[in-house]
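Examining the three-dimensional arrangement
What follows is each chain in one-letter form.
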Amino acid sequence: MAAENSIVTPPWEVLRAAVLDSARNVALLAPGGHGKTYLLNQLIRELDTLHIRHAVTALTGTAALHLNGTTLHAWLGCGLFNADPLTLADTIKNNRRLRTRWRRTRILIIDEISMMPDGLWDKMDVVARIVRHREDAPMGGLQLVVSGDFLQLPPVEGRWVFTHATWSAMGWVCPRLDVPYRFVDAAHTELLAVIRKGHELSEDQFQCLARRMLAVPPAHALHLVPTRREAEAINTTRLGSLPGPTREYAAIDSPGATAHQVRAFDEMAPPLVRVRVGARVMLTRNLDLEAGLCNGSVGTVVEVGPTGVRVQFVGQTELTSIEPVKFELYGYDQNGDAKVVACR
C-alpha cells in the first residue's frame, strides 16, 4: 500500500489541512481505541459548518450509526452493487436522485474500509469516472476519507482493497494515530499491539497471559461469546443474581419507523435496557475521549434514577452520569442530501 505518512501533530490538524486546504484523500488507519471515530466526527462537524457537500458511510450498519451516517451500499443506491459497472453507471445516470448524489458529493467518508473487497472498489472507481465525467481521475475525482484497521476485519470475499492498483493512485495522507484512548495500562496496550501484528511475545508478555488462564473465571470477568443470544443469556443470569430492584429503560422510536429501521437500531441500541446497582456495563459509543470514556469502556452501576444511571468506570476517579441519547438513521432526499429518516 502506498501512502504518505505525515509526522505533523496533532492528527486533527493533519486531517483538516489535507481535506480542506489541499483536497487530498486521507486514510485514518490505526487499531481500535486510537481516536479514528472521534476524528471523523470532528471532520463531519467541520464540513457541516462550512456547508461542504459530503456523505458519511460505513461498510456496516453499526459503524454507520456511530457516525450518524448510512451504509456505503445505501449511498451507492444500486442494491448490492453486483451488476457490471456499465449497467450500474447507466442506472445511476438515468435516475435523477442518484445522479445528483454521485455528481454533487465532494467528499465521501467510508468507515471500516478493511471490509471493502477489491471488486467493490473497482466497480466504484469505474462507475464514478463515468457518472462524474472524470474518466482520467481515480474515483472520478471524488475525494475520499477512509477509516479502519487492515489488521482487524477482512473482506467477506475477494482480496484486500489496498491490492487494487487505483488504491495506490489515490495519494493518501495518513495522519499518525499513536495514542491509545481505550486502555490505561501501558503494558496491556503494548501486549495487544504485539498480538495484533503477529509478533513474537516476550517472556514477560507470555507469562502475563499465562497468569490470566484460570480454571474458574471470577464472577466479574468479561465473557466473549460468538452470538448476541449467548451474551444476553449470560447478562440476564448475572443481572438476576444481583440484589435489589431492577430498573427498566425503554427506547422510544420515531413514529412510522419501518421494520428494517427498527432492526438497524437494535444493532446498536436495544429497545429495553434492564439494570441494577452493581451491574457491569459497557459503553457502546464514545462519550469523552479526553477522559478515556470511549466505546468499550467498562464500569459498574452505582446509582439508578428515573432517566439514567451513574457508573464507576475502570480507571476513573469520579462517577459518570449516563443519560438518554438519540440514535439517528439517515437517508437521502430527491436532491441527494442526507436527512434523518428515523430516530430512537
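Residues numbered from 1 in each chain as written. Predicted model: local features only at pLDDT ≥ 70, side-chain atom pairs only at ≥ 80, totals over all residues. Heavy atoms only, no water.

This part covers the overall build of the protein. Helix and strand counts for the protein stand at twelve helices and 15 strands. In summary, the protein has a C-alpha radius of gyration of 22 Å against a globular reference of 20 Å for 344 residues, a match within 12%. Seen through its C-alpha atoms, the protein measures out along the principal axes to roughly 65 × 55 × 35 Å. Taking all 344 residues of the protein together, 38% fall into the buried category. Put simply, of all contacts in the protein between residues at least 6 apart along the chain, 65% involve residues at least 24 apart. Only carbon and sulfur atoms are counted for the fraction: they give 54% of the accessible area of the protein, which is about 18900 Å². Separation of charge centres in the protein, based on 37 positive and 36 negative side chains, amounts to 5 Å. (Helix = DSSP H or I, 4+ residues; strand = E, 2+ residues; numbered from the N terminus. Rg over C-alpha atoms; globule rule 2.2 N^0.38 Å. Buried < 20%, exposed > 50% of the residue type's maximum accessible area, 1.4 Å probe, protein only. Contact = heavy atoms within 4.5 Å. Areas by Shrake-Rupley, 256 points an atom, 1.4 Å probe, with all protein chains shown as cover. Lys, Arg positive; Asp, Glu negative; His and termini not counted. Charge placed at Lys NZ, Arg CZ, Asp CG, Glu CD.)

With 36 residues, the main nonpolar core has Met 116 and Met 124 as its most contacted residues. Put simply, the parts of the chain that give this core at least two residues each are helix H4 (72–76), helix H5 (85–93), helix H6 (96–104), strand E5 (107–111), helix H7 (118–131), strand E6 (143–148) and strand E7 (172–174). Sorting elements by how many residues they give to this core places H7 first, with seven residues. With sequence-adjacent residues up to four places away left out, Met 124 is seen in contact with Leu 72, Leu 76, Phe 81, Trp 102, Leu 108, Ile 110, Met 116 and Met 139. Residues Val 14, Val 26, Ile 44 and Leu 67 belong to the second largest nonpolar core, which totals 22 residues. (Core = buried A, V, L, I, M, F, W, Y, C linked by side-chain atoms within 4.5 Å.)

All right, on to the environment of Asn 295 then. Of note, Asn 295 is situated in the loop between strand E10 (280–282) and strand E11 (298–304). On the basis of relative accessibility, which here comes to 25%, the residue Asn 295 falls in the partly exposed class. A C-alpha to C-alpha distance of 31 Å links Asn 295 and Ser 22, two positions 273 residues apart in sequence. With residues near it in sequence (within four places) discarded, Asn 295 still touches His 66, Arg 182, Leu 283, Thr 284, Arg 285 and Asn 286.

Mapped onto the elements of the fold, His 54 is located in strand E3 (residues 54–58). Within polar-contact distance, the side chain of His 54 engages the side chain of Asp 48 at 3.3 Å. A polar atom in the side chain of His 54 sits 2.7 Å from the backbone oxygen of Ile 52. Beyond its immediate chain neighbours, meaning those up to four positions away, His 54 contacts Ile 44, Leu 47, Asp 48, Thr 105 and Ile 107. (Polar contact = N/O pair within 3.5 Å; in protein donor to acceptor, adjacent residues only side chain to side chain.)

This next bit is on the pattern of salt bridges. What the rule picks out here adds up to eleven salt bridges. With a closest N to O distance of 3.4 Å, Arg 310 and Glu 303 form a salt bridge. Using a relative accessible area of 38% as the deciding quantity, one classes Glu 303 as partly exposed. Sharing partners across several salt bridges, the network here consists of Asp 253, Asp 266 and Arg 344. (Salt bridge = Lys/Arg side-chain N within 4 Å of Asp/Glu carboxyl O.)

Sheet architecture is open: four strands sit in the order E10-E11-E12-E13, paired in antiparallel fashion. The strands lining the two open edges of the sheet, one partner per strand, are E10 and strand E13 (320–322). Going from strand to strand, the sheet's axes swing by 45° on average, the running direction of each strand aside. Alignment of E10 against E11, held across three bridges, turns out to be antiparallel. Along E11, the bridge assignment pairs Arg 280 with Thr 300. (Pairing = 2+ DSSP bridges. Axes fitted to C-alpha atoms, helices over the stretch in contact; angles between N-to-C directions.)

Within the secondary structure, Asp 337 sits in the loop between strand E14 (328–332) and strand E15 (338–343). You can call Asp 337 partly exposed: its relative accessible area is 29%. Not counting chain neighbours up to four residues away, the residues in contact with Asp 337 comprise Arg 53, Gly 331 and Tyr 332.

Burial analysis of E5 places five of its five residues in the buried class, the great majority of the element. The side-chain alternation of E5 yields two buried faces, one formed by Ile 107, Ile 109 and Asp 111 and the other by Leu 108 and Ile 110. For E5 and E6, the ladder comprises four bridges, and the chain directions are parallel. Of the residues in E6, the one forming a bridge with Leu 108 is Leu 144.

Quick look at the packing of aromatic side chains now. All chains considered together, the criterion is met by nine aromatic pairs. Ring plane angle 35° and centroid distance 5.0 Å describe the contact between Trp 75 and Trp 102, whose orientation is recorded as tilted. One end of the pair, Trp 75, is in helix H4; the other, Trp 102, is in helix H6, and 27 residues separate them in sequence. Of the two residues, Trp 75 and Trp 102, neither departs from the other in class, the shared state being buried. Relative to Trp 102, the ring of Phe 81 lies with its centre 6.3 Å away and its plane at 10°, an arrangement referred to as stacked. Linking Phe 81 in the loop between H4 and H5 with Trp 102 in helix H6, this pair joins segments that are 21 residues apart in sequence. With respect to burial, Phe 81 and Trp 102 carry one shared label: buried. Through a chain of ring-to-ring contacts, three or more aromatic side chains come together here, namely Trp 121, Phe 150, Trp 160, Phe 162, Trp 167 and Trp 172. (Phe/Tyr/Trp six-rings, centres within 6.5 Å; stacked < 30°, edge-to-face > 60°.)

Packing of H5 against H7 leaves a shortest axis separation of 9 Å and a crossing angle of 45°. Between H5 and H7, the angle falls in the class oblique. Crossing angle aside, the handedness with which H5 passes H7 is right-handed. Seen from H5, the contacting residues are Pro 85, Leu 86, Leu 88, Ala 89, Ile 92 and Lys 93; seen from H7, they are Lys 123, Val 126, Val 127, Ile 130 and Val 131. Grouping the constituent residues of the contact of H5 with H7 by class yields nine nonpolar, no polar and two charged. (Parallel < 35°, antiparallel > 145°, perpendicular 65-115°, else oblique. Left-handed = near helix turned anticlockwise from the far one by under 90°. Nonpolar A, V, L, I, M, F, W, Y, C, P; charged D, E, K, R; others polar.)

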